[in-house]
Amino acid sequence: MTSSGALSPFGLHESWERLILASKSAARRGMLEGAGVPFSVQVADVDEDAVKATHDPADAAGLAVELARVKALAVSRHDPEAWVLGADQTLAFGGGLVSKAASLDEARDRLKAMRGQSHYLHSGAALACNGQIVWSGVDTATMRVRDFSDAFLEAYLTAEGTGLLACVGSYRLEGMGSQLFEAVEGDYFTVLGLPLWPVLAELRRAGVLAT
């Protein structure tokens, strides 16, 4: 972090430290906490369905970035003097977008469909200040699901329970969901829902973190 008193393009001192995470995701909070990043949480009031309705469903990576940008801007407009980090994740499978399952029965059907195949997780992030987007980016992980048995699937659903409904792919890689896969190509943090390395680099550039 600099202490020279230099101003950013938005008129704030680069030594400004206040960061808001515009996400209710426990995984994203955990990543920032583990990295030693000081922040507070303010969940963005965003109509995600409306954003998705105006976006090309074939562009899952672009949608992840757009949702992140919208969330960051929504909070930044209410607290313009803070740096705001928005984030979102989309799952692309079979040429379309996959949303969170509404029930364990839906999660079961979805996991059966993905069995033995690959899908893609796109994690987008955006940093806003003074009601403007300073930076945005996206990273992608390829998830290769193994050909698991029906018996394993039932044991998995029983063990994980309704907590799976909060996960876009009906799994948590940091938990028992890791047993669903034969391989993952990409960054672990991206799988959890945040392209952490680019985010940390941008927070350093912005003066939120020490260089």
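The structure displayed is predicted, hence computed values, not measured ones.

Visitor: Help me understand the overall build of the protein, please; the structure alone is not making it clear to me.
Guide: A tally of regular secondary structure across the protein gives seven helices and seven strands. Along its sequence from the N terminus, the protein presents helices and strands in the succession β-α-β-α-α-β-β-α-β-β-α-β-α-α. A globule of 211 residues ought to have a C-alpha radius of gyration of about 17 Å, and the protein, at 18 Å, matches this closely. Overall, the protein is about 60 × 35 × 25 Å in size when its C-alpha atoms are taken along their principal axes. Buried positions account for 46% of the 211 residues belonging to the protein. Look at the contacts in the protein between residues 6 or more apart in sequence, and 67% of them connect residues 24 or more apart. Working note: accessible area of the protein is about 9,700 Å², and carbon and sulfur atoms make up 49% of it. Here the protein carries 18 positive and 26 negative side-chain charges, and the mean point of each set is 2 Å from the other.

Visitor: Just checking my understanding: could you explain the pairing of strand 5 (residues 118-129) for this structure?
Guide: Every regular strand shows the same layout, with side chains that alternate between the two sheet faces. Along strand 5, ten of the twelve residues are buried, which leaves the element largely enclosed by surrounding structure. Where strand 3 (residues 83-93) meets strand 5, ten bridges bridge the pair, whose relative direction is antiparallel. Each residue of the ladder has a partner; that of Asp 88, found in strand 5, is Gly 124. Sheet topology note: the strand 5/strand 6 (residues 132-145) ladder contains twelve bridges and is antiparallel. Counted as the bridge partner of Tyr 120 is Thr 142 from strand 6. Linking two consecutive strands that pair antiparallel, namely strand 5 and strand 6, is a turn of two residues; a positive phi of about 55° is found at Asn 130 within it.

Visitor: What exactly am I supposed to notice about the environment of Trp 83 here?
Guide: By the secondary structure assignment, Trp 83 is in strand 3. We classify Trp 83 as buried; its relative accessible area is 1%. Distance in space between the C-alpha atoms of Trp 83 and Val 208 is 8.1 Å, their sequence separation being 125 residues.

Visitor: What am I meant to see in the nonpolar core here?
Guide: Most often, soluble globular proteins keep nonpolar side chains buried together rather than apart. Grouped together as the largest cluster of nonpolar side chains are 23 residues, with contacts concentrated most on Leu 91, Leu 111, Met 143, Tyr 156, Tyr 171 and Leu 180. Apart from residues no more than four positions distant in its own chain, Leu 111 is found in contact with Phe 148, Leu 153, Tyr 156, Leu 157, Gly 169, Ser 170 and Leu 180. Core analysis: the second largest hydrophobic core is formed by 21 residues, Ala 87, Ala 125, Cys 129 and Trp 135 among them.

Visitor: Where do I start with the pattern of salt bridges in this structure?
Guide: When the charged atoms of two side chains with opposite charge come close together, those side chains can pair. A full pass over the atoms with the stated rule returns eleven salt bridges. In this structure, Arg 108 and Glu 154 form a salt bridge, with 2.7 Å as the shortest nitrogen-oxygen distance. Of this pair, Arg 108 sits in helix 4 (residues 104-114) while Glu 154 sits in helix 5 (residues 150-160), and the two are 46 residues apart along the sequence. Residue Glu 154 is classed as partly exposed on the basis of its relative accessible area of 32%. A salt bridge links Glu 160 to Arg 172; its shortest N-O distance comes to 3.2 Å. You can see Glu 160 sitting in helix 5 and its partner Arg 172 sitting in the loop between helix 5 and strand 7 (181-185), a full twelve residues away along the chain. Accessibility expressed as a relative area gives 19% for Glu 160, which makes it buried. Look at the salt bridges and you will find they share partners, linking Glu 48, Lys 71 and Asp 88 into a network.

Visitor: Whenever I open this one, the packing of aromatic side chains confuses me. Can you help?
Guide: A ring pair, where both rings are aromatic, is described by two values, the distance of the centres and the angle of the planes. The final tally for this structure, using the stated rule, is five aromatic pairs. Ring centres of Tyr 171 and Phe 181 lie 4.8 Å apart, and the angle between their planes is 75°; this geometry places the pair in the edge-to-face category. Remark: Phe 181 occurs in strand 7 and Tyr 171 occurs in the loop between helix 5 and strand 7; sequence separation between them is ten residues. Between the aromatic rings of Phe 189 and Trp 197, the centroid separation amounts to 5.3 Å while the plane-to-plane angle is 85°, which identifies the pairing as edge-to-face.

Visitor: Looking at this structure, I do not really get helix 7 (residues 196-206). What am I missing?
Guide: Because each turn of an α-helix spans 3.6 residues, side chains separated by three or four positions in sequence point in the same direction. Turning to helix 7, its buried residues number three or more, namely Leu 196, Val 199, Leu 200, Glu 202, Leu 203 and Ala 206. Buried residues in helix 7, looked at end-on, bunch into an arc of 165°, giving them a common side. In the core, the buried residues of helix 7 are packed alongside strand 1 (19-21), helix 1 (26-34), strand 3, strand 5, strand 6 and helix 6 (188-192). Trailing helix 7 by a residue or two, Gly 207 shows a phi angle of about 90°, which is positive.

Visitor: Looking at this model, I keep getting lost on the side chain of Thr 142. Mind explaining?
Guide: Tracing the chain through its elements places Thr 142 in strand 6. Among the residues examined, Thr 142 registers a relative accessible area of 17% and is labelled buried. Other than its neighbours up to four places away in sequence, Thr 142 contacts Ser 118, His 119, Tyr 120, Ala 183, Val 184 and Glu 185.

Quick notes on the rules
- Residues numbered from 1 in each chain as written.
- Predicted model: local features only at pLDDT ≥ 70, side-chain atom pairs only at ≥ 80, totals over all residues.
- Heavy atoms only, no water.
- Helix = DSSP H or I, 4+ residues; strand = E, 2+ residues; numbered from the N terminus.
- Rg over C-alpha atoms; globule rule 2.2 N^0.38 Å.
- Buried < 20%, exposed > 50% of the residue type's maximum accessible area, 1.4 Å probe, protein only.
- Contact = heavy atoms within 4.5 Å.
- Areas by Shrake-Rupley, 256 points an atom, 1.4 Å probe, with all protein chains shown as cover.
- Lys, Arg positive; Asp, Glu negative; His and termini not counted.
- Charge placed at Lys NZ, Arg CZ, Asp CG, Glu CD.
- Pairing = 2+ DSSP bridges.
- Core = buried A, V, L, I, M, F, W, Y, C linked by side-chain atoms within 4.5 Å.
- Salt bridge = Lys/Arg side-chain N within 4 Å of Asp/Glu carboxyl O.
- Phe/Tyr/Trp six-rings, centres within 6.5 Å; stacked < 30°, edge-to-face > 60°.
- Arc of directions from axis to C-beta.

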